[in-house]
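These are the residues of each chain, in order.
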Amino acid sequence: MARTRHPLAVLIPLVAFLAVLVPLGAGPAHAESNGGVKVMPLGDSITDGFNVPGGYRVGLWQKLTAGRYKVDFVGSLFNGPSGLGDHDHEGHSGWTIQQIDDNVVNWLRTQNPHTILLHIGTNDIYGSNPAGAPARLSTLIDHITAQAPNAELFVATITPLGFMDSTVRAYNAAIPGIVQSKVNAGKRVHLVDMYSALTPADLADGVHPNAGGYDKMADVWWRALRSVPGSIGNPTFATTGSGAHGNGSAARAA
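The following paragraphs examine the structure supplied in this document.

Basis of the calculations
- Residues numbered from 1 in each chain as written.
- Predicted model: local features only at pLDDT ≥ 70, side-chain atom pairs only at ≥ 80, totals over all residues.
- Heavy atoms only, no water.
- Salt bridge = Lys/Arg side-chain N within 4 Å of Asp/Glu carboxyl O.
- Helix = DSSP H or I, 4+ residues; strand = E, 2+ residues; numbered from the N terminus.
- Buried < 20%, exposed > 50% of the residue type's maximum accessible area, 1.4 Å probe, protein only.
- Expected span 1.5 Å × (residues − 1).
- Contact = heavy atoms within 4.5 Å.
- Polar contact = N/O pair within 3.5 Å; in protein donor to acceptor, adjacent residues only side chain to side chain.
- Axes fitted to C-alpha atoms, helices over the stretch in contact; angles between N-to-C directions.
- Parallel < 35°, antiparallel > 145°, perpendicular 65-115°, else oblique.
- Left-handed = near helix turned anticlockwise from the far one by under 90°.
- Core = buried A, V, L, I, M, F, W, Y, C linked by side-chain atoms within 4.5 Å.
- Phe/Tyr/Trp six-rings, centres within 6.5 Å; stacked < 30°, edge-to-face > 60°.
- Lys, Arg positive; Asp, Glu negative; His and termini not counted.
- Pairing = 2+ DSSP bridges.
- Right-handed = clockwise from strand over helix to strand, strands pointing away.

## Topic: the pattern of salt bridges
Here is step 1: Under the definition given, this model contains 7 salt bridges.
Here is step 2: With a closest N to O distance of 2.8 Å, D165 and R169 form a salt bridge. Residue D165 and its partner R169 are located together in helix α7 (residues 165-184), separated by 4 residues, close to a single helical turn.
Here is step 3: D165 gets classed as partly exposed once you look at its relative accessible area, which sits at 29%.
Here is step 4: In this structure, D202 engages K216 in a salt bridge whose closest nitrogen and oxygen atoms are separated by 3.0 Å. Residue D202 is located in the loop between β7 (189-192) and α8 (211-226), and its partner K216 is located in helix α8; the two are separated by 14 residues in the primary sequence.

Dropping the structure here:
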């Protein structure tokens, strides 16, 4: 998955390694749009949806449409099954935080999203400098919020790996403080606890979630979005108190 070979990378099954070098089913975005609130799924192959085309975006889309929310997924890439009504995204297989950072300003200028779902850092874990990943994430967040100051940015802890769990935990442990520092500076940044929603049993290959794991991710994103008013607009029908704005449990959001 990472471009830099790490001694522990041999623990990753070959299929996972090949997946990030030759992403399947991905291509330039077709710029689908239903005129709804622009939401940018942003990250690496887990956002792209390796193992399960469309990944969490499929389940999230289904929840949004069932809740009568009108949302337009945006991004320069396009993939997923027919059950995913909008295939656009910015999930770049094999990419690190720095690679996302090198391109994100241009993507934001082009797509102008109202809401951003950021899940990034997995490839940094077994890269050459995992200890520097939190600082790189902080810089990425600064660049996103500077370019899109009115956007709602949801920053997720990364999902578990089948190896190097202590390194994953160290990275994830730094994220709440990073997010809070941005909130204290008046930025529209929200913490999403994705790590605790999945276990290694939810992984297909030690790296990427299986279908059940992606469904769990979709549920976490859904609850996080509903916890921040306006992040996905309002349902297209008048709620009666039992509709999509119910007071269900929400993901942690700062």
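## Observations concerning α8
Here is step 1: Helix length check: α8 (16 residues) gives 23 Å between terminal C-alpha atoms against 22 Å at 1.5 Å per residue, within 8%.
Here is step 2: Residues of α8 that are buried: G213, Y214, M217, A218, V220, W221, W222, R223, A224 and L225.
Here is step 3: Looking at the packing, one finds that the buried side of α8 touches α2 (45-48), α3 (56-66), β5 (115-119), β6 (152-156) and β7.
Here is step 4: Put simply, N210 is the residue that caps the front of α8, since its side-chain oxygen is 3.2 Å from the backbone nitrogen of G212.

## Describing the packing of helix α6 (residues 133-147) against α7
Here is step 1: α7 packs onto α6 with a crossing angle of 30° between their chain directions and a minimal axis gap of 10 Å. Classified by the interaxial angle, the pair formed by α6 and α7 is roughly parallel. Crossing handedness for the pair α6 and α7: right-handed. Contacts between α6 and α7 involve A133, P134, L137, S138, I141 and D142 from the first element and Y171, A174, I175, I178 and K182 from the second.

## Things to note about the nonpolar core
Here is step 1: In this structure, L42, L118, L137, L140, I144 and V155 are the most contacted members of the largest nonpolar core, which totals 36 residues.
Here is step 2: Counting residues per element, the ones that place at least two in this core are β1 (37-43), α4 (97-111), β5, α6, β6, α7 and β7.
Here is step 3: Beyond its immediate chain neighbours, meaning those up to four positions away, L140 contacts I97, I100, D101, V104, L118 and I120.
Here is step 4: One finds F154, Y214, M217 and L225 within the second-largest nonpolar core, a separate group that totals 27 residues.

## Notes on the packing of aromatic side chains
Here is step 1: Summed over all chains, the structure comprises 5 aromatic pairs.
Here is step 2: The interplanar angle of 80° and the centroid separation of 5.8 Å between the aromatic rings of Y69 and W222 together place this pair among those described as edge-to-face. Note that Y69 is positioned in the loop between α3 and β2 (71-73) and W222 in helix α8, a separation of 153 residues in sequence. Just as Y69 is buried, W222 falls in that class too.
Here is step 3: Ring geometry for Y126 against F163: centres 5.7 Å apart, planes inclined by 45°, an arrangement best described as tilted. Here Y126, found in the loop between α5 (122-125) and α6, pairs with F163, found in the loop between β6 and α7; they are 37 residues apart in sequence, far enough to count as distant.
Here is step 4: Residue class for F163 comes out buried when judged on its relative accessible area of 8%.

## Concerning the side chain of D86
Here is step 1: Residue position: D86 is located in the loop between β3 (77-78) and β4 (88-91).
Here is step 2: Buried within the structure, D86 lacks any salt-bridge partner; its nearest side chain of opposite charge belongs to R57, at an N-O separation of 7.1 Å.
Here is step 3: From its side chain, D86 meets the backbone nitrogen of D88 in a polar contact 3.3 Å long.

## Some thoughts on the pairing of β7
Here is step 1: Residues V189 and L191 line one face of β7 and the alternating positions H190 and V192 line the opposite face, and both faces are buried.
Here is step 2: Two elements, β6 and β7, share 4 bridges in a ladder whose sense is parallel. Bridge pairing in β7 links L153 to V189.
Here is step 3: Following the chain from β6 across α7 to the adjacent parallel β7, one finds a crossover that is right-handed.

## Here we look at the pairing of β1
Here is step 1: For β1, the tally of buried residues reaches 6 of 7 residues, placing the bulk of the element in the interior.
Here is step 2: Taken together, the 3 bridges between β1 and β2 define a ladder with parallel strand orientation. If you follow V37 over to β2, its bridge partner there is V71.
Here is step 3: Taken together, the 5 bridges between β1 and β5 define a ladder with parallel strand orientation.

## A few points about α3
Here is step 1: Restricting attention to buried positions, one finds in α3 the residues Y56, R57, V58, G59, L60, W61 and L64.
Here is step 2: Against β1, α2, β2, β4, β5 and α8 lie the buried residues of α3.
Here is step 3: A positive phi of about 65° marks R68, the residue just after α3.

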